[in-house]
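Analysis of the macromolecular model
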Amino acid sequence: MPLPAVSQSYLVVQIGDTQIGLQADRVREIVRAVAISPAHGSPSVIEGVINLHGQIVPVVDVRQRLALDPALISPAQFLVVMAVLDRTIALRVDDVEDIVELSDVLAEPALLSPVLQRLAGVAAAEHGVLMIYDVDSFLTQTERDALDAAATVHG
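Predicted model only: the values in this text are computed from it and were never measured. (Residues numbered from 1 in each chain as written. Predicted model: local features only at pLDDT ≥ 70, side-chain atom pairs only at ≥ 80, totals over all residues. Heavy atoms only, no water.)

1. Quick word on the pattern of salt bridges
For clarity, the cut-off: Whenever a carboxyl oxygen of Asp or Glu lies within 4 Å of a side-chain nitrogen of Lys or Arg, that contact is scored as a salt bridge. Starting at the N terminus, helices and strands are each numbered in turn, a helix being any DSSP run of H or I of at least four residues and a strand any DSSP run of E of at least two. Residue burial is assigned from relative accessible area. The probe radius is 1.4 Å, only protein chains are included, and a residue is buried under 20% of its type maximum, exposed over 50%, and partly exposed in between.
In this structure the tally under the stated criterion is six salt bridges. Among the salt bridges present, the one from D94 reaches R63, with a minimum N-O distance of 2.6 Å. Note that D94 is positioned in the loop between β7 (87-93) and β8 (95-102) and R63 in helix α1 (residues 62-65), a separation of 31 residues in sequence. Assessed through its relative accessible area of 22%, D94 is described here as partly exposed. Judged by its relative accessible area of 7%, R63 falls in the buried class. When the shortest N-O distance is used, the salt bridge between D86 and R144 registers 2.4 Å.

Have a look at this one:
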(Lines give C-alpha, C1' and ligand atoms only; values in the text may rest on other atoms or scores of the structure.)
Protein backbone atom coordinates (compact mmCIF):
# COMPACT_ATOMS: atom_id res chain seq x y z
CA MET A 1 0.00 0.00 0.00
CA PRO A 2 1.56 3.36 -1.04
CA LEU A 3 2.11 6.06 1.54
CA PRO A 4 -0.26 9.02 1.34
CA ALA A 5 1.23 12.03 -0.46
CA VAL A 6 2.33 14.84 1.81
CA SER A 7 0.91 18.16 0.75
CA GLN A 8 2.89 21.38 0.86
CA SER A 9 1.80 25.01 0.52
CA TYR A 10 3.03 27.20 -2.32
CA LEU A 11 2.51 30.88 -2.98
CA VAL A 12 1.57 31.33 -6.63
CA VAL A 13 2.92 34.56 -8.13
CA GLN A 14 2.76 36.10 -11.58
CA ILE A 15 5.87 37.43 -13.32
CA GLY A 16 5.02 38.67 -16.80
CA ASP A 17 3.04 35.87 -18.43
CA THR A 18 4.61 33.25 -16.17
CA GLN A 19 3.08 31.80 -13.01
CA ILE A 20 5.50 30.24 -10.54
CA GLY A 21 5.19 28.65 -7.13
CA LEU A 22 7.33 29.58 -4.15
CA GLN A 23 7.51 27.64 -0.89
CA ALA A 24 4.90 29.38 1.27
CA ASP A 25 6.72 28.53 4.50
CA ARG A 26 9.62 30.72 3.31
CA VAL A 27 7.46 33.81 2.76
CA ARG A 28 7.92 36.35 5.55
CA GLU A 29 5.91 39.24 4.18
CA ILE A 30 4.29 40.57 1.01
CA VAL A 31 4.41 44.33 0.47
CA ARG A 32 3.55 46.69 -2.36
CA ALA A 33 6.55 47.52 -4.51
CA VAL A 34 8.50 50.56 -3.35
CA ALA A 35 11.48 52.41 -4.77
CA ILE A 36 14.53 50.17 -4.92
CA SER A 37 17.84 51.86 -4.07
CA PRO A 38 20.95 50.92 -6.06
CA ALA A 39 23.35 48.52 -4.36
CA HIS A 40 26.73 49.43 -5.81
CA GLY A 41 29.19 46.56 -5.94
CA SER A 42 26.53 43.87 -5.62
CA PRO A 43 26.05 41.13 -8.23
CA SER A 44 24.07 41.98 -11.38
CA VAL A 45 21.19 39.73 -10.27
CA ILE A 46 20.50 42.18 -7.42
CA GLU A 47 18.14 44.97 -8.54
CA GLY A 48 19.04 46.96 -5.45
CA VAL A 49 17.95 47.13 -1.83
CA ILE A 50 14.94 48.24 0.19
CA ASN A 51 14.63 49.32 3.78
CA LEU A 52 12.09 46.99 5.36
CA HIS A 53 11.32 47.86 8.98
CA GLY A 54 14.90 49.09 9.46
CA GLN A 55 16.51 46.06 7.79
CA ILE A 56 18.30 46.42 4.45
CA VAL A 57 16.94 43.68 2.17
CA PRO A 58 18.39 42.88 -1.27
CA VAL A 59 15.90 42.62 -4.12
CA VAL A 60 16.71 39.78 -6.50
CA ASP A 61 16.03 40.49 -10.18
CA VAL A 62 13.88 37.39 -10.59
CA ARG A 63 13.18 38.28 -14.22
CA GLN A 64 16.87 38.08 -15.03
CA ARG A 65 17.24 34.90 -13.00
CA LEU A 66 14.37 33.24 -14.89
CA ALA A 67 15.44 34.62 -18.31
CA LEU A 68 12.31 36.79 -18.64
CA ASP A 69 12.12 40.23 -20.26
CA PRO A 70 12.97 43.11 -17.89
CA ALA A 71 10.18 45.39 -16.66
CA LEU A 72 10.13 48.76 -14.95
CA ILE A 73 9.04 48.83 -11.33
CA SER A 74 5.42 49.77 -10.76
CA PRO A 75 3.43 50.52 -7.59
CA ALA A 76 0.99 47.83 -8.78
CA GLN A 77 3.70 45.18 -8.26
CA PHE A 78 4.62 43.38 -5.06
CA LEU A 79 7.77 42.46 -3.18
CA VAL A 80 7.67 38.96 -1.75
CA VAL A 81 10.05 38.94 1.22
CA MET A 82 11.48 35.46 1.74
CA ALA A 83 13.83 33.65 4.07
CA VAL A 84 16.48 31.81 2.08
CA LEU A 85 19.31 29.95 3.76
CA ASP A 86 20.98 32.52 6.04
CA ARG A 87 19.39 35.72 4.77
CA THR A 88 16.27 37.58 3.79
CA ILE A 89 15.68 38.55 0.17
CA ALA A 90 12.83 40.17 -1.73
CA LEU A 91 11.50 39.12 -5.12
CA ARG A 92 9.66 41.69 -7.27
CA VAL A 93 6.58 40.10 -8.84
CA ASP A 94 3.74 41.48 -10.92
CA ASP A 95 0.97 39.89 -8.89
CA VAL A 96 0.35 37.57 -5.97
CA GLU A 97 -2.29 35.01 -6.92
CA ASP A 98 -3.01 32.54 -4.15
CA ILE A 99 -1.66 29.92 -1.79
CA VAL A 100 -2.23 26.39 -3.07
CA GLU A 101 -1.76 23.01 -1.44
CA LEU A 102 0.04 20.55 -3.71
CA SER A 103 0.93 16.96 -2.96
CA ASP A 104 2.13 15.74 -6.34
CA VAL A 105 5.20 17.83 -7.13
CA LEU A 106 7.41 16.00 -9.59
CA ALA A 107 11.11 16.75 -9.26
CA GLU A 108 13.02 17.18 -12.51
CA PRO A 109 16.73 17.13 -11.55
CA ALA A 110 17.87 16.11 -15.04
CA LEU A 111 16.90 19.43 -16.63
CA LEU A 112 20.09 21.16 -17.71
CA SER A 113 19.04 24.70 -18.64
CA PRO A 114 20.49 27.22 -16.13
CA VAL A 115 16.98 28.58 -15.59
CA LEU A 116 15.47 25.15 -15.07
CA GLN A 117 18.23 24.10 -12.67
CA ARG A 118 16.51 26.37 -10.15
CA LEU A 119 13.34 24.35 -10.60
CA ALA A 120 12.39 22.28 -7.56
CA GLY A 121 9.65 20.53 -9.51
CA VAL A 122 6.44 20.85 -11.44
CA ALA A 123 2.87 20.22 -10.35
CA ALA A 124 -0.54 20.04 -11.94
CA ALA A 125 -2.46 23.17 -10.99
CA GLU A 126 -5.97 24.40 -11.68
CA HIS A 127 -4.94 26.25 -14.86
CA GLY A 128 -2.15 24.01 -16.15
CA VAL A 129 1.35 23.20 -14.96
CA LEU A 130 2.89 25.19 -12.12
CA MET A 131 6.67 25.47 -11.95
CA ILE A 132 7.92 25.33 -8.37
CA TYR A 133 11.18 27.21 -7.83
CA ASP A 134 13.78 26.44 -5.18
CA VAL A 135 14.23 29.84 -3.53
CA ASP A 136 17.51 28.75 -1.94
CA SER A 137 19.00 28.58 -5.45
CA PHE A 138 18.09 32.13 -6.51
CA LEU A 139 21.57 33.28 -5.44
CA THR A 140 24.71 31.34 -6.28
CA GLN A 141 27.45 31.11 -3.65
CA THR A 142 29.55 33.59 -5.68
CA GLU A 143 26.63 36.06 -5.75
CA ARG A 144 26.05 35.57 -2.03
CA ASP A 145 29.74 36.29 -1.33
CA ALA A 146 29.71 39.40 -3.57
CA LEU A 147 26.55 40.65 -1.86
CA ASP A 148 28.14 40.13 1.57
CA ALA A 149 31.29 41.99 0.42
CA ALA A 150 29.20 44.90 -0.92
CA ALA A 151 27.25 45.08 2.34
CA THR A 152 30.50 45.20 4.32
CA VAL A 153 31.89 48.03 2.18
CA HIS A 154 28.67 50.06 2.27
CA GLY A 155 27.51 49.06 5.74
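2. With respect to the sheet that holds strand β4 (residues 46-52)
To keep things clear, this is the line we draw: Paired strands, in this sense, are two strands between which DSSP finds at least two bridges. Every angle, taken between N-to-C directions, lies between 0 and 180 degrees, and every axis is a line fitted to C-alpha atoms, over only the stretch in contact when it is a helix.
Taken in spatial order, the five strands of this open sheet run β3-β6-β7-β5-β4, and their pairing is mixed. The open sheet has two edge strands with one neighbour each: β3 (27-32) and β4. The sheet shows a mean angle of 30 degrees between the axes of neighbouring strands, taken without regard to direction. Where strand β5 (residues 55-60) meets β7, two bridges bridge the pair, whose relative direction is parallel. Each bridged residue has a counterpart across the sheet, and for V60 the counterpart in β7 is L91.

3. A few points about the nonpolar core
If you look at soluble globular proteins, the nonpolar side chains tend to sit buried side by side. The test is simple: We define a nonpolar core as any set of buried Ala, Val, Leu, Ile, Met, Phe, Trp, Tyr and Cys residues linked to one another through side-chain atoms lying within 4.5 Å.
Within the largest apolar cluster, 23 residues are counted, with the highest numbers of intra-cluster contacts made by V13, L22, V80, L91 and F138. Those elements giving two or more residues to this core turn out to be β1 (8-15), β2 (18-23), β6 (78-84) and β7. Considering every element that reaches this core, the biggest residue donor is β6, with four residues. By size, the runner-up hydrophobic cluster in this structure holds eight residues, among which are L52, V57, L79 and A90.

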